[in-house]
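Spelled out, the chains give:
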Amino acid sequence: MVRINKEYKECDQHEKAYQSQQAVFVARKRAIGNKTQKPIRFVRNVGLGIKTPEAAITGNFVDRKCPFTGSVSIRGRVLKGLVVSTKMKNTIIVRRDYLHYITKYRRYEKRHKNLAVHCTPAFNVKEGDVVTIGQCRPLSKTVRFNVVAHEPAVNVKSGKKTFRVF
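The rules we used
- Residues numbered from 1 in each chain as written.
- Predicted model: local features only at pLDDT ≥ 70, side-chain atom pairs only at ≥ 80, totals over all residues.
- Heavy atoms only, no water.
- Phe/Tyr/Trp six-rings, centres within 6.5 Å; stacked < 30°, edge-to-face > 60°.
- Helix = DSSP H or I, 4+ residues; strand = E, 2+ residues; numbered from the N terminus.
- Buried < 20%, exposed > 50% of the residue type's maximum accessible area, 1.4 Å probe, protein only.
- Patch = residues over 30% accessible without salt bridge, like charges linked within 9 Å, V, L, I, M, F, W, Y side chains within 5 Å.
- Areas by Shrake-Rupley, 256 points an atom, 1.4 Å probe, with all protein chains shown as cover.
- Salt bridge = Lys/Arg side-chain N within 4 Å of Asp/Glu carboxyl O.
- Pairing = 2+ DSSP bridges.
- Contact = heavy atoms within 4.5 Å.
- Axes fitted to C-alpha atoms, helices over the stretch in contact; angles between N-to-C directions.

(A) Layout of the packing of aromatic side chains. Under the counting rule described, the total for this entry stands at two aromatic pairs. With 6.1 Å between their ring centres and 65° between their planes, Phe68 and Phe123 make a pair best called edge-to-face. Highlighted residues: Phe68 in the loop between helix H1 (54-58) and strand S1 (78-85) and Phe123 in the loop between strand S3 (107-118) and strand S4 (130-135), separated in sequence by 55 residues. The two residues Phe68 and Phe123 agree in class, both being buried. Plain terms: the ring middles of Tyr101 and Tyr108 are 5.0 Å apart, the flat faces sit at 55° to each other, and that makes the pair tilted.

(B) Structural view of a nonpolar patch on the surface. On the surface, a nonpolar cluster with roughly 430 Å² of combined accessible area is contributed by Leu99, Tyr101, Tyr108 and Val165. Within the element layout of this structure, Val165 appears in the segment after strand S5 (145-151). Exposure remark for Val165: the relative accessible area of 54% places this residue in the exposed category.

(C) Expanded view of the pairing of strand S2 (residues 91-102). Of the strand pairs in this sheet, S1 and S2 are connected by three bridges, and their pairing is antiparallel. Looking at S2, one finds that Leu82 is bridged to Arg95. Here S1 folds back onto S2 in antiparallel fashion, the turn holding five residues, of which Asn90 has a positive phi close to 60°. Of the pairings in the sheet, the one linking S2 to S3 comprises twelve bridges and is antiparallel in character. Looking at S3, one finds that Ile92 is bridged to Val117. The antiparallel pairing of S2 with S3 creates a hairpin that spans four residues between the two strands, and Arg106 there sits at a positive phi of about 50°.

(D) Representation of the side chain of Thr91 within the structure. Tracing the backbone shows Thr91 in strand S2. Exposure remark for Thr91: the relative accessible area of 15% places this residue in the buried category. Non-local contacts of Thr91, meaning those with residues more than four positions away in its chain, are made with Ala116, Val117, His118, Cys119 and Val143.

(E) Spatial organisation of the sheet that holds S4. With mixed pairing, the five strands of this closed barrel are ordered in space as S1-S2-S3-S5-S4. In this sheet, neighbouring strand axes are inclined to one another by 50° on average, regardless of whether the strands run parallel or antiparallel. Note that S3 and S5 share two bridges and pair parallel. Paired with His118 across the bridge in S5 is Asn146.

Pasting the structure below:
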């Protein structure tokens, strides 16, 4: 059962501009005769069998680039990768390892790509975690993916650059 907030709770104000969700009208009046009220927080289902995290439903963060509470749709590829860096604000670096076949030697070589991925405050992501990312519209110069699921790290002592195929 999905929990829905009925009363208004002020969003986190940590920016210079006033933070509010685009789809929510803050100054609405209470309906006297109407028993069913719309929820105060805008949350949606992304689809593709992806479950909306509880922190997105009950939290009070504002993120326009969040696929659950913002205006970004997930379309295209859905990939998995290992979190390498979380030093940026709301952006993480995900490493994807793959094998490339060389026909001359009839063997595979290890290769990797680093992707810049937008991470919403709904996920508490640390280095070494495995995340599922979905393709979306370009959010910045390098960011074209969004975190849609998070699995905590099982083996923390394995290094960043170890080869892992998902």
